[in-house]
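Spelled out from the first residue to the last, the chains are:
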Amino acid sequence: MKLIKNDHLAPELPDFFQDLVKSPKMDIGMPDVSRRDFFKISSVAGGGLVLGLSMGTSSKAKAQSGAATSTLSPYVQIQPNGRINLFSKNPECGQGIKTGLPLIIAEELDCAWEDVDVIQADIDGSRYGAQFAGGSTSTPMNWMAMRQAGATARAMILAAAAQQLNIPVSELSTSDTRVVHATSDREWGYGEFAELAATMEVPAPDSLILKTRDEFKLLGRRFTGVDNNDIVTGQPLFGADTHMEGMLYASYSKCPQIGGRALSFNEDHIKSLPGVVDAFIMDENGSPKAFNPGGGDMFSGVVVVAENTWAAIKAKRELEVEWDLSNAEVASWDDLVARAYALEEQDGEPLMINQFNGPGNPPTQVSADKGDAESVLGNAETVVSSFYEYPYVSHAQLEPETCVAKYENGSVEIWAPAQIPQSGESGSAVLLGIPPEEAAERVVLHQTRIGGGFGRKLANDYVFEVVAIARRMEGIPIKLQWTREDDMSGDYFRPGGFHSYSAGLDSVGNLTAWKDHFITSTGDDQAPMTSANLTPGVFPMDVIDNVKLTQTMFHNAIPTGPMRAPSSNAFAFSFQSFMHELAVAAGKGHVEFLMNTLGEPRLADPENPRSMHTGRAASVVTEVARLSGYEQGANEPGRAKGLSFYFCHSGYVAQVADVTVSANKEVKVHKVWAVADFGFIHNLSGAENQMEGGIIDGISQLFNAKITFENGVIQQQNFHQYPLVRMPQAPELEVAFLEPEEFSPTGGGEPSMPPVLAAVTNAIYNATGERIRKMPLFESGYKLV
């Protein structure tokens, strides 16, 4: 394996993404391709090329094609001056994909990066297939498709050059946006052949010549974000920057007790306030307690439309609303905690999982158990039991929800910082009663840069709210602006939960059995809430022979949804803290215990190529231990290192935290080392950014993040009650990447965060002897300094 190091301060899709790529608006099958003017490159789960993208027929395509440019594909245009326009299809939310995807195209197009202008593609499933940001899927889903997009355009340029110059194509090559004829020592810019290239026959996919890894000039290096200069100079990129002539501004106030419906409000007073244009009640639509990005669901509330944002927010603060609470949520976190701890020594109902029976056949429910954990536990040399708790968490992205919409003559146009914009379109059509066959023409969403998402903007509730308001205010552009309080009390939260673990060790300290009673929440008494489920693929359950899983679901419909590394962002804390407990009980070093548990190099599930490979897992663990000097003892009292490993979203990450704990429980995280295996790293700067951001995010959640609710009312409203990590508290970071022979890349945004949780708590144990089994740490008296 190759190590890429940096020192300085195709994956399995979740259900809601699977539904998206199956949408009738997405032509992502394998159609017959007309070689003359029909060219489509889009991506499907697992990566790969799909051809069949009509050129110049879409109104959205025409809007993005300048008359003077030559369009070779939906991804590639050449300007008259020879500069290259590359279109980035997926939403940009800070993960770097607006740079990453065009970089892949540019490599195979063989153009110099300084000759490239990157343009955010409009939302158009007929041209680009599925467009979304989530699940660390953008790179692996589009890797091969973007390579072939670049290679196709390059082949068309070479064919045009050969025809125009009357030189055999076999004598021509390319380099840095130029066509080269080595025999005569001549070269020409791509722009000289652009017009003819746009008319050339599209080459068959199997005729394309892709670069080998050692031929890459761009991929594998560091490239800064294409928007960085605009961001630091305050250029309008984000949803909140959207402005239109004659635009009015709206606030939307929902019931503090989640699910309450507005009956009346002090309408006369609100409408009399300066700058207020209108105020009215919006009814609930659909079932908004459940996470459904494309359903058009929205809570009831009171809308204030005003001449400016300040007038709308000021009026919002003076609202007096009568709410119908008959369908409002009544859950309280303290009650759930008490009920969970009462079940600490009990089992729940058997955990059932879907067994898939082939295409077209419905899945069957089977037990998640394997082996005979109860018997093995009964005969184990040592049995260790522990109970872990983690809370509800808010996404707390820095840009509160905002969106602009204009409804006119039965159609709507939307400008949104959305992570699943196509679901924003389809859900808006549902809300407006537009038939699916008319939605593509009557609902148009333009994607803006997202000012932080972390999964919150996978939900499109704010999009549906402004669409409903715009319909009421027909013909007038409306900008909806949520406040921080709206965002924090109206989130689709990361769900809290509880694990009652028992594990058995044999006479030599090897892990032989695992038992977990998982306690979670359900809104319908049938299945857990979104991201509140447990699957048996979590390490170490995936590699040991005897596992028993049971589950208890409390009725609690506080809305939940995906958050950076869904489920893993909590499981990594409890599972990998307990693994360290087991290592201590076994009398083994943490690294040794992990290696023994991982065993021989193999896929954890031989039938599933996406399952964890124990050899790749072992490599990141041993490398981070080496880099950090993990097994060397600390020279200072109260100072120690802790280690954690986690596998999710096809990414392998191990991290070590160096921590000092004072007598009054002040914690200083001095440094975190991280080693990851994400396959091929195509933009090293982007990968480093993802890893470093994930570590900071994880430390912030570990120490401070907790959402509580009482009788369905969220208790935290702003950052004074929900603090984020500050710069002086941030540790030094050292990040390295292993590159196996496996060429295909995976994503880094999700798997970068989970391991640091247990790395820090294991370090605190090693420094103090106190085992932490509850997040966040401030509730146990710890303070990050």
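(A) View of the packing of helix H3 (residues 97-109) against helix H5 (residues 138-165). For the pair H3 and H5, the least separation of the axes is 7 Å and the interaxial angle reads 40°. Here H3 runs over H5; the crossing is right-handed. Together, Ile97, Leu101, Ile104, Ile105, Glu108 and Leu109 of H3 and Ser138, Thr139, Asn142, Trp143, Met146, Arg147, Gly150, Ala151, Ala153, Arg154 and Ile157 of H5 make up the contact between the two elements. Each residue belonging to the contact of H3 with H5 can be placed in one class, and the counts come to 10 nonpolar, four polar and three charged.

(B) Looking closely at the pattern of salt bridges. On inspection of all chains with the given rule, the structure shows 41 salt bridges. The closest approach of N and O atoms between arginine 639 and glutamate 636, which form a salt bridge, is 3.0 Å. Given a relative accessible area of 22%, arginine 639 falls into the partly exposed group. Of the residues examined, glutamate 636 reaches a relative accessible area of 41% and is grouped as partly exposed. In this structure, a network of salt bridges that share partners links the residues Glu92, Lys98, Asp227 and Arg449.

(C) Expanded view of the packing of helix H16 (residues 568-586) against helix H20 (residues 755-768). Between H16 and H20, whose axes approach to 7 Å, the crossing angle comes to 35°. As H16 packs across H20, the resulting crossing turns out to be right-handed. Only Pro755, Leu757, Ala758, Thr761, Asn762, Tyr765 and Asn766 of H20 make contact with H16, whose side of the interface consists of Asn569, Ala572, Phe573, Gln576, Ser577, His580 and Val584.

(D) A look at the nonpolar core. Within the largest apolar cluster, 90 residues are counted, with the highest numbers of intra-cluster contacts made by Trp514, Phe645 and Phe703. Considering every element that reaches this core, the biggest residue donor is H16, with 10 residues. Not counting the four nearest positions on each side in its chain, phenylalanine 703 is found in contact with Val667, Val669, Val760, Pro776, Leu777, Phe778, Tyr782, Lys783 and Leu784. Grouped together as the second largest cluster of nonpolar side chains are 46 residues, Leu103, Val118, Ala145 and Met156 included.

(E) Structural detail: H20. Between its first and last C-alpha atoms H20 spans 20 Å; for 14 residues at 1.5 Å apiece the expected length is 20 Å, and the two agree. Counting buried residues along H20, 11 of its 14 residues qualify, which places the element largely inside the surrounding structure. Listing the buried residues of H20 in full gives Pro755, Val756, Leu757, Ala758, Ala759, Val760, Thr761, Asn762, Ala763, Ile764 and Ala767. Looking at the buried positions of H20, the neighbouring elements they touch are H16, helix H17 (590-598), strand S25 (639-648), strand S26 (651-661), strand S27 (666-677) and helix H19 (684-704). Two residues or fewer past H20, glycine 769 is found with a positive phi of approximately 85°.

(F) Layout of H17. Listed in full, the buried residues belonging to H17 are His590, Val591, Phe593, Leu594, Thr597 and Leu598. Axial view of H17: buried residues confined to an arc of 165°, hence all on one face. At its buried positions, H17 is contacted by strand S22 (497-505), strand S23 (511-522), H16, helix H18 (614-628), S25 and H20. Glycine 599 sits one or two positions beyond H17 and adopts a positive phi of about 75°.

(G) Structural detail: unusual backbone geometry. With an omega of 15°, the peptide bond running from phenylalanine 539 to proline 540 counts as cis. Locating proline 540 in the fold gives a position in the loop between S23 and strand S24 (547-555). Located in the positive-phi region is alanine 565, a residue other than glycine, with phi close to 60°. Secondary-structure assignment places alanine 565 in the loop between S24 and H16.

(H) Representation of the state of the cysteines in the model. According to the stated counting rule, one finds zero disulfides in the structure shown. Cysteine 93 provides the cysteine sulfur closest to cysteine 403, a residue in no disulfide bond, and the two sulfurs are 16 Å apart. Residue classification places cysteine 403 among the buried residues on the basis of a relative accessible area of 0%. Distance from the sulfur of cysteine 648, which forms no disulfide, to the nearest cysteine sulfur (cysteine 93) is 16 Å.

(I) Here's a closer look at the sheet that holds strand S14 (residues 349-350). Read across the sheet, five strands follow the order S14-S24-S23-S22-S17 without closing on themselves; strand pairing throughout is mixed. Each edge of the open sheet carries a strand with a single partner, namely S14 and strand S17 (382-390). Pairing of S14 with S24, which is carried by two bridges, proceeds in the antiparallel orientation. Bridging across to S24, glutamate 349 finds its partner in glutamine 551.

(J) Just the environment of valine 304, in detail. Along the chain, valine 304 turns up in strand S12 (residues 301-306). With a relative accessible area of 0%, valine 304 lands in the buried category. In the structure, valine 304 is positioned 66 residues away from phenylalanine 238 in sequence and 23 Å away in space, judged by C-alpha atoms. Each residue touching valine 304, except ones within four places of it in the same chain, is listed here: Tyr249, Ala250, Ser251, Ile270, Val276, Asp278, Ala279, Ala312 and Ala315.

(K) Looking closely at the domain arrangement of the protein chain. Splitting the protein chain by domain gives domain 1 (15-232), domain 2 (239-328 + 401-481) and domain 3 (343-358 + 375-394 + 493-784). When each unit is reduced to the centre of its C-alpha atoms, the spacing between domain 2 and domain 3 is 37 Å. Listed as interface residues are 10 residues of domain 2 and, on the opposing side, 15 residues of domain 3. For the domain 2 and domain 3 pair, buried surface summed over both sides reaches about 900 Å², with 64% attributable to carbon and sulfur atoms. Counting every contact that joins domain 2 to domain 3 gives zero salt bridges. Among the residues making up the side of domain 2 that touches domain 3, the classes are represented as six nonpolar, two polar and two charged.

(L) Focus on the sheet that holds strand S2 (residues 70-73). The four strands lie next to each other as S2-S3-S4-S5, forming an open sheet whose pairing is mixed. Lying at the two open borders of the sheet, with one neighbouring strand each, are S2 and strand S5 (116-120). Mean inter-strand twist for the sheet, computed between neighbouring axes without regard to direction, equals 25°. Pairing geometry for strand S4 (residues 84-88) and S5, over five bridges, is parallel. Bridging across to S5, asparagine 85 finds its partner in aspartate 117. Relative to the sheet, H3 contacts strand S3 (76-78), S4 and S5, its axis offset from that of S4 by approximately 130°.

(M) Looking closely at the pairing of S23. The element S23 is largely enclosed, with a buried count of 11 among its 12 residues. Counted between consecutive antiparallel strands, the loop separating S22 from S23 contains five residues, among which glycine 509 sits at a positive phi close to 85°. Looking at chain direction, S23 and S24 are connected through nine bridges and run parallel. The residue bridging tryptophan 514 from the neighbouring strand is valine 547, located in S24.

(N) Geometry of the packing of aromatic side chains. On inspection of all chains with the given rule, the structure shows 25 aromatic pairs. Pairing tryptophan 333 with phenylalanine 498 gives two aromatic rings, centres 5.5 Å apart and planes at 15°, and the pair type is stacked. Of this pair, tryptophan 333 sits in helix H10 (residues 333-342) while phenylalanine 498 sits in strand S22; the two residues are 165 residues apart in sequence, bridging distant segments of the chain. Grouping residues by exposure puts tryptophan 333 and phenylalanine 498 together as buried. Ring geometry for phenylalanine 678 and phenylalanine 737: centres 6.1 Å apart, planes at 50°, overall tilted. With a gap of 59 residues between them, phenylalanine 678 in the loop between S27 and H19 and phenylalanine 737 in strand S30 (residues 732-739) connect regions that are remote in the sequence. Look at phenylalanine 737 and you get buried, because its relative accessible area is 1%. A connected cluster of aromatic rings, assembled from ring pairs, spans Tyr388, Tyr501, Trp514, Phe518, Phe571, Phe573, Phe575 and Phe578. In this structure, arginine 339 packs its charged tip against the face of phenylalanine 554, placed 4.1 Å from the ring centre.

About the thresholds
Residues numbered from 1 in each chain as written. Predicted model: local features only at pLDDT ≥ 70, side-chain atom pairs only at ≥ 80, totals over all residues. Heavy atoms only, no water. Axes fitted to C-alpha atoms, helices over the stretch in contact; angles between N-to-C directions. Helix = DSSP H or I, 4+ residues; strand = E, 2+ residues; numbered from the N terminus. Left-handed = near helix turned anticlockwise from the far one by under 90°. Contact = heavy atoms within 4.5 Å. Nonpolar A, V, L, I, M, F, W, Y, C, P; charged D, E, K, R; others polar. Salt bridge = Lys/Arg side-chain N within 4 Å of Asp/Glu carboxyl O. Buried < 20%, exposed > 50% of the residue type's maximum accessible area, 1.4 Å probe, protein only. Core = buried A, V, L, I, M, F, W, Y, C linked by side-chain atoms within 4.5 Å. Expected span 1.5 Å × (residues − 1). Arc of directions from axis to C-beta. Disulfide = S-S within 2.5 Å. Pairing = 2+ DSSP bridges. Domains from an automatic or database assignment. Buried area = accessible area lost by both parts, 1.4 Å probe. Phe/Tyr/Trp six-rings, centres within 6.5 Å; stacked < 30°, edge-to-face > 60°. Lys NZ or Arg CZ within 6 Å of the ring centre and 35° of its normal.

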